[in-house]
Amino acid sequence: MDILLIMPYSQSRTSSGPIGVACDTIEGFMKIQSQLKKNDVILHILSPEGRTNKNQVDKGLDTANVKFNFFNTIRPSSLTSDINYSLHLLRYRHSVDLVHSHSIYGAFCGVCLRMPTLLTLHGILWKEKDYVTNPYAKLAFDMNMVRIKRMHKRLKCLVAISPYVTDELKSFYGDTSNVRLIENPVSDSFFEVKKNEDEGLILASGVISQRKSQLSLIKAVELLSKDGTDVQVIFTGAIQDSTYYQILRDYVRKHELGGVVSFEGQVPYSHLLNLYSRASIVALTSRQETAPMSVSEAMATGTPVVASNLSGIPYMIKDGVSGYLVDPNNIPQISERIRTLIDDKNLRHSVGCSARDEALRRWKNDIIAKNLLELYLQIVER
């Protein structure tokens, strides 16, 4: 059985995001190669990260049951990707039994080429679009929503990474009979992190955007600082919205929070792991999230999480046990939950241990890989 897996795999894992999901998924499949062999399954990884992996990388990546191929995206991707993906998919049209795409473009092209296709949906487009200000980006969201509507009923299965996705699909389409829940994996690297806390250090990982609502966290930290609580927040992540980033910088400067708040941008993977080791708390005050990796990664490291009580996050955290849920608009509440954890090291340890236990049960990448393999076998053998 040959499975074509379309995902943005990169030879070098970046800090998080789609490439992180791809790398963690392949790490899981590499760990269950004996099961791939036993079931006579060969995975063909087709990645649009050719620009990062010069010359289609080194073929030493290939194993007997996992093969890699890379291509370059062509900008503007929202207009060219249908043709680009189709050309690459045509090479596999008669040689694979199933296409599993983590890209809407890849799934759409697979369906159009009449290839049996699965799609893992990583974001709720009709929710995320509300926070997009760039007209071109809005157009890209609209076009992808059209693609999903056109291919939805022709997909063999739509993989939801959170029950929240299933809920949203039900409200959007009404029919969720072809939806299967398989959550995102987490790399072993996070489970292997040894905690070495800088007490009072808060890590906030994620792109800078209005959707992530970093200003709420800055205001909460400001309250703590004024009350004499020794606290520092480090934001990591690419700047997705430069206007919003300037608003954050202006607020920090105006309120003299330069010694408390810092922005490090998109950091190397090794540095991110170090920050998880040092962090007393990981915080995420977003207004919309599907299944944020910063939450699952933090939980895997045993770091207590304070995160918004909306969208997909409540499906990840049990409030008061494996983390704390807060209203992203309620600054005093965010501040108080952070203070509660900072003031009590034993509580941080207890919550962190519960979080790690939950992560071990749900997000180990070999568990996710086995679930995916089971799904492939079920669909192909129907």
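Keep in mind the model is a prediction, meaning the values are calculated, not measured.

**Quick word on the overall build of the protein chain**
Phase 1 of the analysis: Helix and strand content of the protein chain: 15 helices and 13 strands.
Phase 2 of the analysis: A compact globule built from 382 residues would reach a C-alpha radius of gyration of about 21 Å, and the protein chain, at 21 Å, matches this within 12%.
Phase 3 of the analysis: In terms of its C-alpha atoms, the protein chain occupies a principal-axis envelope of roughly 65 × 45 × 45 Å.
Phase 4 of the analysis: Looking at the protein chain residue by residue over its 382 residues, the buried ones come to 57%.
Phase 5 of the analysis: In the protein chain, the proportion of contacts linking residues at least 24 apart, taken out of those at least 6 apart, comes to 67%.
Phase 6 of the analysis: Summed over its atoms, the accessible surface of the protein chain is roughly 16300 Å², and 48% of this surface lies on carbon and sulfur atoms.
Phase 7 of the analysis: Of the side-chain charges in the protein chain, 45 are positive and 40 negative, and the distance between the mean point of each set is 6 Å.

**A look at the sheet that holds strand β11 (residues 281-284)**
Phase 1 of the analysis: Spatially, the six strands line up as an open sheet ordered β10-β9-β8-β11-β12-β13, and their pairing is parallel. Each edge of the open sheet carries a strand with a single partner, namely β10 (261-265) and β13 (324-326). For this sheet, the mean angle separating the axes of adjacent strands, direction not counted, is 25 degrees.
Phase 2 of the analysis: Here strand β9 (residues 232-236) runs beside β10; their pairing, made up of four bridges, is parallel. Of the residues in β10, the one forming a bridge with Thr236 is Gly265.
Phase 3 of the analysis: Against the sheet, helix α11 (residues 269-278) contacts β8 (201-205), β9, β10 and β11, and its axis sits at roughly 140 degrees relative to β8.

**Observations concerning the packing of helix α9 (residues 214-226) against helix α10 (residues 242-254)**
Each pair of packed helices gets described by two things: the angle between the helix axes and the distance between those axes.
Phase 1 of the analysis: Two elements in contact, α9 and α10, have axes whose closest approach is 10 Å; the angle formed by their N-to-C orientations is 10 degrees. One element, α9, and the other, α10, form an angle in the roughly parallel class. In contact with Gln214, Leu215, Ile218, Lys219 and Glu222 of α9, α10 contributes Tyr244, Leu248, Tyr251 and Val252.
Phase 2 of the analysis: A breakdown of the residues in the contact of α9 with α10 according to their chemical character gives six nonpolar, one polar and two charged.

**A few points about unusual backbone geometry**
Phase 1 of the analysis: Omega for the bond connecting Arg75 with Pro76 falls within 30 degrees of zero, at -5 degrees, which places this linkage in the cis form.
Phase 2 of the analysis: By the element assignment, Pro76 lies in the loop between β3 (66-70) and α3 (77-90).
Phase 3 of the analysis: In this structure, Arg114 takes a positive phi of about 60 degrees despite not being glycine.
Phase 4 of the analysis: A positive phi angle, close to 55 degrees, is found at Glu256, a residue other than glycine.
Phase 5 of the analysis: Assignment of secondary structure puts Glu256 in the loop between α10 and β10.

**Notes on the side chain of Arg339**
Phase 1 of the analysis: Positionally, Arg339 belongs in helix α13 (residues 331-342).
Phase 2 of the analysis: Among the polar contacts made by the side chain of Arg339, one reaches the side chain of Thr229 at a distance of 3.2 Å.
Phase 3 of the analysis: Non-local contacts of Arg339, meaning those with residues more than four positions away in its chain, are made with Leu224, Asp227 and Thr229.

**Description of a positive patch on the surface**
Phase 1 of the analysis: Judged by side-chain charge, Arg93, Arg114, Arg150 and Arg154 come together as a positively charged surface patch.
Phase 2 of the analysis: Tracing the sequence through the fold places Arg150 in helix α6 (residues 135-151).

**Here we look at the sheet that holds strand β4 (residues 98-101)**
Phase 1 of the analysis: Taken in spatial order, the seven strands of this open sheet run β3-β2-β1-β4-β5-β6-β7, and their pairing is parallel. The sheet is open, and its two edges are formed by β3 and β7 (179-181), each paired on a single side. Each strand axis lies, on average, 20 degrees off the axis of its neighbour in the sheet, ignoring direction.
Phase 2 of the analysis: With four bridges connecting them, strand β5 (residues 117-121) and strand β6 (residues 157-160) associate as parallel partners. By the bridge assignment for β6, Thr120 is matched with Val159.

**Quick look at the packing of aromatic side chains**
Phase 1 of the analysis: Within the structure shown, the criterion is met by 13 aromatic pairs.
Phase 2 of the analysis: Note on Tyr9 and Phe68: the rings are 5.1 Å apart at their centroids and 40 degrees apart in plane angle, and the pair reads as tilted. You can see Tyr9 sitting in the loop between β1 (2-6) and α1 (17-31) and its partner Phe68 sitting in strand β3, a full 59 residues away along the chain.
Phase 3 of the analysis: Overall, Tyr9 belongs to the buried group, its relative accessible area being 10%.
Phase 4 of the analysis: With 3.8 Å between their ring centres and 5 degrees between their planes, Trp126 and Phe172 make a pair best called stacked. Here the residue Trp126 occupies a position in helix α5 (residues 125-128), and Phe172 occupies one in helix α7 (residues 163-173), the gap between them amounting to 46 residues.
Phase 5 of the analysis: The partly exposed category is assigned to Phe172, whose relative accessible area is 25%.
Phase 6 of the analysis: An aromatic cluster is built from Tyr9, Phe68 and Phe70, whose rings are joined through pairwise contacts.
Phase 7 of the analysis: Positioned above the aromatic ring of Phe191, the side-chain terminus of Lys364 is 4.9 Å from the ring centre.

**Here's the deal with a nonpolar patch on the surface**
Phase 1 of the analysis: A contiguous nonpolar patch, built from Ile83, Leu87 and Leu90 and spanning about 310 Å² of accessible area, is present on the exposed surface.
Phase 2 of the analysis: Relative to the assigned elements, Leu87 resides in helix α3.
Phase 3 of the analysis: Leu87 sits in the exposed class, given a relative accessible area of 53%.

**A few points about the pattern of salt bridges**
Phase 1 of the analysis: For the coordinates displayed, the defined rule picks out 21 salt bridges.
Phase 2 of the analysis: For Arg362, the salt bridge goes to Glu358, with nearest N and O atoms at 2.9 Å. Of this pair, Arg362 and Glu358 are both found in helix α14 (residues 345-362), four residues apart, which corresponds to roughly one turn of the helix.
Phase 3 of the analysis: Connected via shared salt-bridge partners are Lys31, Asp188, Lys364 and Asp366.

Procedures and definitions
Residues numbered from 1 in each chain as written. Predicted model: local features only at pLDDT ≥ 70, side-chain atom pairs only at ≥ 80, totals over all residues. Heavy atoms only, no water. Helix = DSSP H or I, 4+ residues; strand = E, 2+ residues; numbered from the N terminus. Rg over C-alpha atoms; globule rule 2.2 N^0.38 Å. Buried < 20%, exposed > 50% of the residue type's maximum accessible area, 1.4 Å probe, protein only. Contact = heavy atoms within 4.5 Å. Areas by Shrake-Rupley, 256 points an atom, 1.4 Å probe, with all protein chains shown as cover. Lys, Arg positive; Asp, Glu negative; His and termini not counted. Charge placed at Lys NZ, Arg CZ, Asp CG, Glu CD. Pairing = 2+ DSSP bridges. Axes fitted to C-alpha atoms, helices over the stretch in contact; angles between N-to-C directions. Parallel < 35°, antiparallel > 145°, perpendicular 65-115°, else oblique. Nonpolar A, V, L, I, M, F, W, Y, C, P; charged D, E, K, R; others polar. Polar contact = N/O pair within 3.5 Å; in protein donor to acceptor, adjacent residues only side chain to side chain. Patch = residues over 30% accessible without salt bridge, like charges linked within 9 Å, V, L, I, M, F, W, Y side chains within 5 Å. Salt bridge = Lys/Arg side-chain N within 4 Å of Asp/Glu carboxyl O. Phe/Tyr/Trp six-rings, centres within 6.5 Å; stacked < 30°, edge-to-face > 60°. Lys NZ or Arg CZ within 6 Å of the ring centre and 35° of its normal.

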